[in-house]
Amino acid sequence: MNGECKNKIIIALRAFQRHNDCTIPSMKQLTILLLAFMISARDLCQTPHIIDSLNISKMAIDTTFSRPYALIAGGSKGIGYALAEAWAKRNYNLILIARHWDSLATAKHKLESAYGIHVELLSYDLSREESAIEIAIWCAERNIPLKALCNVAGAGGSRDYLNTTLDSLRYMVRLNIESCMALTLTLLPLLEKNSPSYIINVASMAGFAPIPIKNMYSATKSAVIFFSYSLHYQLRDKDIKVSCLAPGPVYTKPEIVTETKKQLGKFGDKMARTPQKVGEKAVRKTLKGKRIIVPGFLANVMSGILRILPRGTAASIYNKVGKTDF
């Protein structure tokens, strides 16, 4: 391990020592977290996965702590950006995480100009095993007053299980499930310290039933829904509200509009929502402690039906709908 790696680990250790007034579940969890960071230190020192939006000192960033922070993983576009906007309207500073710097920089400019808040940017591939630990270290070093975590990052696409590659399958599972669970676990000490706080996990209405034409996607989103249901009760005594956003069609990209109209026709078009409406409703309902959030009347009705239908029946219906041309 070279000198730079050692310095990074020492900085991280001092950061945790400096902020040991945080409510940390156990020394065992802290030890595991730091051990995992040390294991990944070689890769961290070889490749800069973090891009600090301003490259400012810890002392300078302290001047922005008059407001709470919301961290949005996958916050540069679509539902993630809409959630960021909803938190900004409520006077929250933001930490946006995404892979591509250009889209992050654009989001930062728009949000800071419109709402007068401060936005930090981290450029990350959240499918990497080390990402959650590195993000938690970054937040802990700066003692970020984190009160909201939004796990939005996810992958979909038209290629499904029988036509995919093993690499693509693993990427979807890591991004849709693992990143959500890992970020939540590593950031829990900060969320608990700054409670009352909030977690929004973004799933999909597709997670309420098996969908043969989208087997992997519906399976991963189902995992996020079940995880969120359980976590809601696990964190209730810690004053951390957990909600799961499970929207129907959201028109974030032209291809989603085309696919929705092709598979669900006019009904799907009426059920669809804009990202802005979805983001605003998600934050409003999360602040009220709602467990499952399905924006829109039609989507709400459909999700209720899907939750009471036998799984085999729901899968059969989706299989037939997927083969129908409207």
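Here, every reference points to the structure presented above.
Predicted, not measured: the structure shown is a model, and the values here were computed from it.

Calculation rules
Residues numbered from 1 in each chain as written. Predicted model: local features only at pLDDT ≥ 70, side-chain atom pairs only at ≥ 80, totals over all residues. Heavy atoms only, no water. Buried < 20%, exposed > 50% of the residue type's maximum accessible area, 1.4 Å probe, protein only. Helix = DSSP H or I, 4+ residues; strand = E, 2+ residues; numbered from the N terminus. Phe/Tyr/Trp six-rings, centres within 6.5 Å; stacked < 30°, edge-to-face > 60°. Lys NZ or Arg CZ within 6 Å of the ring centre and 35° of its normal.

Caption draft 1: Representation of helix α7 (residues 131-141) in the model. Taken across its 11 residues, α7 has 11 buried, putting it largely inside the fold. Within the span of α7, buried status applies to S131, A132, I133, E134, I135, A136, I137, W138, C139, A140 and E141. Downstream of α7 by one or two residues, N143 has phi in the positive range, about 50 degrees.

Caption draft 2: Structural context of the packing of aromatic side chains. Within the structure shown, the criterion is met by two aromatic pairs. With a centroid separation of 4.7 Å and 55 degrees between ring planes, the pair formed by W87 and Y92 is classed as tilted. For the pair W87 and Y92, one class covers both residues: buried. Look at W87 and Y198: their rings are 6.2 Å apart centre to centre, the planes differ by 35 degrees, and that puts the pair in the tilted class. Linking W87 in helix α5 (residues 78-89) with Y198 in strand β5 (residues 197-202), this pair joins segments that are 111 residues apart in sequence. Here the aromatic cluster, defined as three or more aromatic residues joined through ring pairs, consists of W87, Y92 and Y198. In this arrangement the basic side chain of R307 is found over the ring face of F208, its NZ or CZ atom lying 4.6 Å from the centre.

In short, geometric facts, not functional conclusions.
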